[in-house]
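# Descriptive analysis of the structure
As a plain string of letters, each chain reads:
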Amino acid sequence: MQQQEIHKFLERYFHANGCEVVDKGPGYMTVQLTIELDKELMNRPFYWHYLEKTGGIPNPMQLTLITNQQLAPDQLKGEVIHFGSPRLHQIFESARNLAGYIRLYENHHHSPGQQTPLRPWLGMNVRISYQCDRKRDVFKSIGLQLINGHMIENFHDKLLEMNLTPKIPDYSFTLSPLIMPKSGISRVANFLKMGIEQEEHNWADEARMRWQKDLDLLEHFYEDAEEKGESYETEKTALKEQYEPKINISIINGGLFYLTDSAV
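Positions within a chain are numbered from 1, following the residues in the order the chain's sequence is written. A pLDDT threshold of at least 70 governs which residues receive local features in this predicted model, and a stricter bar of 80 or more applies before side-chain atom pairs are shown or counted, although totals over entire chains, interfaces and linings include all residues. As a rule here, side-chain values cover all heavy atoms of the structure and leave hydrogens and water aside.

## Section: helix 7 (residues 202–222)
Going along the chain from the N terminus, every DSSP run of H or I of four or more residues is numbered as a helix, and every run of E of two or more is numbered as a strand. Expected span of a helix: the number of residues minus one, times 1.5 Å. Here helix 7 spans 30 Å end to end across 21 residues, near enough to the 30 Å set by a 1.5 Å rise per residue. All of the buried residues along helix 7 are W203, A204, A207, W211, L215, L218 and Y222. Angular distribution of buried residues about the axis of helix 7 spans 110°; they occupy a single face of the element. Every exposed residue of helix 7 that faces more than 90 degrees away from the buried side is listed here: M209, K213, L217 and H220. Contacts made by the buried residues of helix 7 are with strand 6 (116–131), helix 8 (229–243) and strand 11 (246–259). Each residue is placed in one exposure class: buried if its accessible area under a 1.4 Å probe, protein chains only, is under 20% of its type's maximum, exposed if it is over 50%, and partly exposed if it falls in between. By definition, the arc is the one covered by directions from the helix axis to the C-beta atoms. Only heavy atoms matter for contacts: two residues are in contact if any of them lie within 4.5 Å across the pair.

## A word on the domain arrangement of the chain
Frequently, the measure chosen for interface size is the accessible area removed from exposure when the parts meet. Per the domain assignment, the segments of the chain are domain 1 (3–99) and domain 2 (102–259). An automatic or database domain assignment provides the domain bounds reported here. The C-alpha-based centres of domain 1 and domain 2 are spaced at 25 Å. At the junction of the two partners, domain 1 supplies eight residues and domain 2 supplies 11 residues. Buried surface at the junction of domain 1 and domain 2, both sides included, amounts to about 840 Å², of which 58% is carbon and sulfur. In the sections that follow, a salt bridge refers to a side-chain nitrogen of Lys or Arg positioned within 4 Å of a carboxyl oxygen of Asp or Glu. Our count for the contact surface shared by domain 1 and domain 2 stands at zero salt bridges. Under this definition, polar contacts are N or O atom pairs within 3.5 Å; protein pairs additionally need one hydrogen-donor-capable and one acceptor-capable atom, and for neighbouring residues in sequence, both atoms have to be side-chain atoms. Applying the counting criterion to the domain 1 and domain 2 interface returns zero residue pairs in polar contact (both at pLDDT 80 or more). Buried area: the sum, over both parts, of the accessible surface (1.4 Å probe) that disappears when the two are put together.

## Observations concerning the packing of helix 1 (residues 3–16) against helix 4 (residues 86–98)
Where helices are involved, their axes are fitted lines through C-alpha atoms of the stretch in contact, as for all axes, and angles between N-to-C directions lie from 0 to 180°. One can describe the packing of helix 1 onto helix 4 by two numbers: an axis separation of 11 Å at closest approach and a directional angle of 40°. By the criterion of interaxial angle, the relationship of helix 1 to helix 4 is oblique. In this structure, helix 1 crosses over helix 4, and the sense of that crossing is left-handed. Along its contact with helix 1, which presents I6, F9, L10, Y13 and F14, the element helix 4 presents L88, I91, F92, S94, A95 and L98. For this classification, the nonpolar set comprises Ala, Val, Leu, Ile, Met, Phe, Trp, Tyr, Cys and Pro, the charged set comprises Asp, Glu, Lys and Arg, and every other residue, Gly included, is treated as polar. Of the residues that constitute the contact of helix 1 with helix 4, the class distribution is 10 nonpolar, one polar and no charged. The cut-offs work like this: below 35 degrees is roughly parallel, past 145 is roughly antiparallel, 65 to 115 is roughly perpendicular, and the gaps in between are oblique. Each crossing gets its handedness from the near helix: less than a right angle anticlockwise from the far helix is left-handed, clockwise is right-handed.

## Details of the sheet that holds strand 2 (residues 28–32)
Strand pairing requires that DSSP identify at least two bridges connecting the strands. Across the sheet, four strands lie side by side as 1-2-3-4; this open sheet has mixed pairing. In this open sheet, the two edge strands, each paired with only one partner strand, are strand 1 (20–25) and strand 4 (79–80). Lying over the sheet, helix 1 contacts strand 1, strand 2 and strand 3 (62–66), oriented at roughly 10° with respect to strand 2.

## A short note on the pairing of strand 2
With four of five residues buried, strand 2 is to be regarded as a mostly interior element. In this structure, strand 1 lies alongside strand 2, joined through five bridges in antiparallel fashion. Opposite K24, over in strand 2, you have M29 as the bridge partner. Here five bridges tie strand 2 to strand 3, and the two strands are oriented antiparallel to one another. Directly across from Q32, in strand 3, lies its bridge partner Q62.

This is the structure in structure tokens:
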């Protein structure tokens with residue numbers, strides 16, 4: 001996962017959870033946490049328990065995250081965030097807990113009295129992990145219209161430009177899907193798999209070369225042994241687990257979005 005992708009993900013995460021970004025620039029951001037996100041991220045159970053007992057005024061913390069030390073101001077104090085950092089994985093887990101599934105409606109502004117149909121879209125934010133002895137994550141946001149099967153990428157970015165509400169607007173009605181969400185998920189998965197199959201996978205070939213090199217060293221180490229024994233098999237299995245190329249697709253979150261024809 002590239003640092004720029006991490007930065008964009010963090011911006012979307014805090015925006016979706018109602019946090020104000022009080023300062024930001026290339027390579028960093030400072031956010032004012034809500035009460036809910038302070039409880040979620042900052043590990044202050046005794047503070048919040050005391051506050052609830054005494055009826056005190058809550059004071060959620062601000063959090064400064066540095067996503068690129070080369071671009072951020074030299075004297076800036078904050079947490080350095082990169083793929084693998086505990087804070088980022090905590091936020092990944094929080095995103096799964098807080099936003100596993102959602103249902104929203106486009107808050108359109110059509111004339112009163114005019115009934116407006118809203119078409120169902122399945123939105124899925126997914127992570128594609130390319131794994132060997134190294135790891136790279138790619139994030140995709142896919143939208144699938146559940147009536148005609150039309151599919152688009154960067155769906156989440158389009159949603160951010162819309163006025164969405166959890167309550168269906170007046171003078172609106174929803175159209176029933178012809179594609180059930182479960183079938184829609186399979187369609188999205190197949191779309192992603194087809195895209196992966198069309199990619200070049202030099203990273204996997206290079207991983208197999210490094211794997212073979214370490215296997216050769218292992219064989220050389222045991223070449224004089226009459227019986228290689230359990231330790232040899234254990235080390236050989238460990239090399240396979242370390243180097244064998246794998247691609248995993250995981251769903252971060254998703255939802256149903258009822259939108260007008262002109263929205264997407």
